[in-house]
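What follows is the residue order along each chain.
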Amino acid sequence: MVLKTGASALADSHRLPTALRSVLGYYADTGVFDYSSLSLKSTIDDRTDRMVADVYERVEAALEAEFGRPVSFSYDTKLILPATLTLGYVYRDARKDAAEDPVTEEIATGVPPVETGALGGDVPALSPRERVVRAEQMTRLSIEALIDGDMRDAINDDEFEDFETDVDADPRRVAETAQAALQSHLDGLLDEMPSVVADAYQWAVDYSEAHQARDDHFRELMTRAEDGDEDAVDAIREEYKFADYEEEPATFTAVEKDLPYSKTQYARVGVLYDGMLDLYRLAGLDVDDEFARSIVLAIIGAQVWLDDVDDYADDRAEGQLTPVTAEYLLAPDDRAAYNRVVDVTERYLDLAKESATAADSPLTGIAVEYIYRSGDPGVLPGHH
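The structure contained in this document is the topic of the report that follows. Note that the structure is predicted; figures quoted are calculated from it, not measured.

Points about the overall build of the protein
Each helix and strand in the protein was counted, giving 16 helices and two strands. With 384 residues in all, the protein has 52% of them scored as buried. In the protein, 73% of the contacts between residues at least 6 apart in sequence involve partners at least 24 apart. Of the roughly 17,200 Å² of accessible surface on the protein, 48% is carried by carbon and sulfur atoms.

Next comes the structure, spelled out in structure tokens:
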């Protein structure tokens, strides 16, 4: 108890790096400190960084063809974190079951996805080494799909500040060229796989795009609500904050389905990670429901706490409905809205951390803690 109390005090000290505070905070909250998981982090980060670099090299080749000269490219996205965590989850389990560590061996980059005959059917039991290889291959595919999906959202929302290049050109042209290059390559990979794999991926994309297709409707509701239309305020509450699921996610229990903004935020980002985890399962990798739940809840919490909070002023000015801008329309005053945003986010992240602990995934629990400690709700009105 003394150690946990000391860890809690250190976790609240802003003099320490956020990453260390997150480790201490997770230990203080759960009593879990797993050095073997922490020792995996640098390996996971190195391998996923190389995968991301491969994706950006493909984009740079497309941009060079588009602009007639070499172009450097980077794209700031936090949304590949779940793929990194899933890789760590499989690594950790494989390490437990292996006589020799299958993770420390160098696994070739640039390998094609798992052979098509090994996907989508009854997959025989895999050795620890085979599980690691497949996890790397699925992570490579997932990272490309997640970056592609995030780019689609950015283009849809006219948000290009995360695209960084050294070419003086229309940001939309850069973004559309980059996304088209990824989509073409991704389509080629999926064409080589059994239809059940492509179908699982397409289901998640279609589910998310159906939500995006309602963007103009939600913008209209927000504009009307800003002008004092009480019917629009009621519609935001019923259609956005407490919307009913037409197609319920198997990942969520009744508790998660009843969370504020559950349906809209699952459709906005959560479903893409459900689809990602299905790819791992189709490759014969054991991803349990608690781990899947922790990932989906964490990414929804991160979207609200890190992006929507930071972008509140711009989203309000541009008529973009998010859980944060919605609360400032639904609550009686700014202070109440601020408290609701904090409460909603904490509910998602607390549940994510509980599921991570139940799934025996300390890295995910620490990542949830990191998300929470990285947020800055002080930028919102009513925080004093």
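Some points on the environment of Leu-63
Mapped onto the secondary structure, Leu-63 falls in helix H3 (residues 35-67). For the pair Leu-63 and Thr-165, spaced 102 residues apart in sequence, the C-alpha separation works out to 9.6 Å. With residues up to four places along the chain from it excluded, the contact list for Leu-63 reads Gly-68, Arg-69, Val-71, Phe-73, Thr-165, Val-174 and Thr-177.

Side note on the environment of Asp-334
Relative to the helices and strands, Asp-334 resides in helix H15 (residues 334-358). Owing to a relative accessible area of 39%, Asp-334 belongs among the partly exposed residues under this scheme. When the C-alpha positions of Asp-334 and Gly-382 are compared, they lie 4.6 Å apart, and in sequence the two are 48 residues distant. Excluding residues within four positions of it along the chain, Asp-334 makes contact with Tyr-328, Pro-381 and Gly-382.

Some words on the packing of aromatic side chains
How two aromatic rings sit relative to each other is set out by the distance from centre to centre and by the angle between their planes. On inspection of all chains with the given rule, the structure shows 13 aromatic pairs. When the centroid spacing of 4.0 Å and the interplanar angle of 10° are considered together, the rings of Tyr-89 and Phe-291 count as stacked. One end of the pair, Tyr-89, is in helix H4 (residues 81-97); the other, Phe-291, is in helix H12 (residues 289-310), with 202 residues separating them in the sequence. Aromatic side chains Phe-218 and Tyr-240 sit 5.0 Å apart centroid to centroid with 75° between the ring planes, which places their arrangement in the edge-to-face category. Taken together, the residues Phe-218 in helix H8 (residues 215-226) and Tyr-240 in helix H9 (residues 230-241) connect sequence positions 22 residues apart. We classify Phe-218 as buried; its relative accessible area is 4%. The exposure class assigned to Tyr-240 is buried, which follows from its relative accessible area of 2%. Within the aromatic cluster, the residues linked to one another by ring pairs are Tyr-56, Phe-73, Tyr-75, Phe-160 and Phe-163.

So, the pattern of salt bridges
Applying the stated criterion to the full structure yields 28 salt bridges. Residues Arg-92 and Asp-360 are paired through a salt bridge, measuring 3.1 Å at the closest nitrogen-oxygen approach. In this pair, Arg-92 is assigned in helix H4 and Asp-360 in the loop between H15 and helix H16 (362-374), connecting sequence segments 268 residues apart. For Asp-360, a relative accessible area of 36% gives the class partly exposed. Residue Arg-268 pairs with Asp-308 through a salt bridge whose shortest N-O separation is 2.8 Å. Within this pair, whereas Arg-268 is found in helix H11 (residues 262-282), its partner Asp-308 is found in helix H12, the two being separated by 40 residues in sequence.

Re the packing of H4 against H16
The description of two helices packed together rests on the angle between their axes and the distance between the axes. Between H4 and H16, the shortest axis-to-axis distance is 9 Å and the interhelical angle comes to 155°. Regarding the angle of H4 to H16, the classification is roughly antiparallel. Seen from H4, the contacting residues are Leu-81, Leu-85 and Arg-92; seen from H16, they are Pro-362, Leu-363, Thr-364, Ala-367 and Ile-371. Here the contact of H4 with H16 is composed, by residue class, of six nonpolar, one polar and one charged.

The rules behind the values
- Residues numbered from 1 in each chain as written.
- Predicted model: local features only at pLDDT ≥ 70, side-chain atom pairs only at ≥ 80, totals over all residues.
- Heavy atoms only, no water.
- Helix = DSSP H or I, 4+ residues; strand = E, 2+ residues; numbered from the N terminus.
- Buried < 20%, exposed > 50% of the residue type's maximum accessible area, 1.4 Å probe, protein only.
- Contact = heavy atoms within 4.5 Å.
- Areas by Shrake-Rupley, 256 points an atom, 1.4 Å probe, with all protein chains shown as cover.
- Phe/Tyr/Trp six-rings, centres within 6.5 Å; stacked < 30°, edge-to-face > 60°.
- Salt bridge = Lys/Arg side-chain N within 4 Å of Asp/Glu carboxyl O.
- Axes fitted to C-alpha atoms, helices over the stretch in contact; angles between N-to-C directions.
- Parallel < 35°, antiparallel > 145°, perpendicular 65-115°, else oblique.
- Nonpolar A, V, L, I, M, F, W, Y, C, P; charged D, E, K, R; others polar.

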